[in-house]
Amino acid sequence: MQIYSDDFGRVIWLAISPAEVRMDLQDLGPDFEYERCATVSEVGKLCESLNVTYEELQAALLLRLENQMTAFDLFTELLDDHHIQFEYFSG
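Residues numbered from 1 in each chain as written. Predicted model: local features only at pLDDT ≥ 70, side-chain atom pairs only at ≥ 80, totals over all residues. Heavy atoms only, no water.

Participant: Where do I start with the sheet that holds strand β1 (residues 2-5) in this structure?
Facilitator: What holds strands together in a sheet is hydrogen bonding between their backbones, with the strands either parallel or antiparallel. What the 5 strands build is an open sheet, ordered β1-β2-β3-β4-β5; its pairing is antiparallel. Where the open sheet ends on each side, the last strands, each with one partner, are β1 and β5 (87-90). Strand-to-strand, the axes of this sheet are offset by a mean angle of 10°, without reference to chain direction. Sheet analysis places strand β2 (residues 10-16) next to strand β3 (residues 21-28), joined by 7 bridges and oriented antiparallel. Bridge pairing in β3 links Ala-15 to Arg-22. Packing against the sheet, helix α2 (residues 54-65) makes contact with β1, β2 and β3, and its axis sits at approximately 165° to β2. (Pairing = 2+ DSSP bridges. Helix = DSSP H or I, 4+ residues; strand = E, 2+ residues; numbered from the N terminus. Axes fitted to C-alpha atoms, helices over the stretch in contact; angles between N-to-C directions. Contact = heavy atoms within 4.5 Å.)

Participant: Can you walk me through the state of the cysteines in this structure?
Facilitator: In protein chemistry, a disulfide is the covalent bond that joins the sulfur atoms of two cysteines. Inspection of every chain in the model, using the stated rule, returns 0 disulfides. In this model Cys-37 remains outside any disulfide bridge; the closest cysteine sulfur is found in Cys-47, 18 Å from its own. Its relative accessible area of 8% is what places Cys-37 among the buried residues. (Disulfide = S-S within 2.5 Å. Buried < 20%, exposed > 50% of the residue type's maximum accessible area, 1.4 Å probe, protein only.)

Participant: Looking at this model, I keep getting lost on the packing of aromatic side chains. Mind explaining?
Facilitator: For any pair of aromatic rings, geometry is given as the distance between the ring centres together with the angle between the planes. Scanning the model with the defined rule gives 1 aromatic pair in all. Aromatic side chains Phe-72 and Tyr-88 sit 6.2 Å apart centroid to centroid with 55° between the ring planes, which places their arrangement in the tilted category. Taken together, the residues Phe-72 in helix α3 (residues 71-81) and Tyr-88 in strand β5 connect sequence positions 16 residues apart. Residue class for Phe-72 comes out buried when judged on its relative accessible area of 1%. (Phe/Tyr/Trp six-rings, centres within 6.5 Å; stacked < 30°, edge-to-face > 60°.)

Participant: What am I meant to see in unusual backbone geometry here?
Facilitator: Glycine aside, residues mostly have negative phi angles, and peptide bonds mostly take the trans form. The phi torsion at Asn-51 lies on the positive side, around 60°, for a residue other than glycine. In this structure, Asn-51 sits in the loop between α1 (43-50) and α2. Asn-51 sits in the exposed class, given a relative accessible area of 70%. We note that Asn-67 has phi near 65°; this positive angle belongs to a residue other than glycine. Inspection of the secondary structure puts Asn-67 in the loop between α2 and α3. Judged by relative accessible area, which is 57%, Asn-67 ranks as exposed.

Participant: Quick question: what am I supposed to make of the nonpolar core here?
Facilitator: In summary, soluble globular proteins display a tendency toward joint burial of nonpolar side chains. Val-21, Leu-46, Leu-57, Leu-61 and Phe-75 are the most contacted members of the largest nonpolar core, which totals 25 residues. Where this core is concerned, the elements lending two or more residues are β1, β2, β3, β4 (33-40), α1, α2 and α3. If sequence neighbours within four positions are ignored, Leu-46 has contacts with Val-21, Leu-57, Leu-61, Phe-75, Leu-78, Leu-79 and Ile-84. (Core = buried A, V, L, I, M, F, W, Y, C linked by side-chain atoms within 4.5 Å.)

In structure tokens, the structure reads:
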């Protein structure tokens with residue numbers, strides 16, 4: 001689901017499943033293209049760190065991240081703060 005977009009070309013998506021939580025960021029401009037992706041496989045650990053069940057996870061993440069230009073950075077900071085490993089791609 002798309003959780004952020006602006007007129008400057010930034011779009012952020014969040015995908016949640018029992019197997020993984022993934023956030024994608026894409027910045028597209030006339031002179032640049034930039035993408036980042038963070039994927040968490042330890043969904044249970046993420047739920048535990050937010051003190052929510054899996055069923056409550058989407059609402060908890062949306063409350064923290066929806067409509068935030070810095071949602072990607074906030075998400076990865078949350079993961080780092082709680083020592084949750086994630087795969088990271090930047091390109």
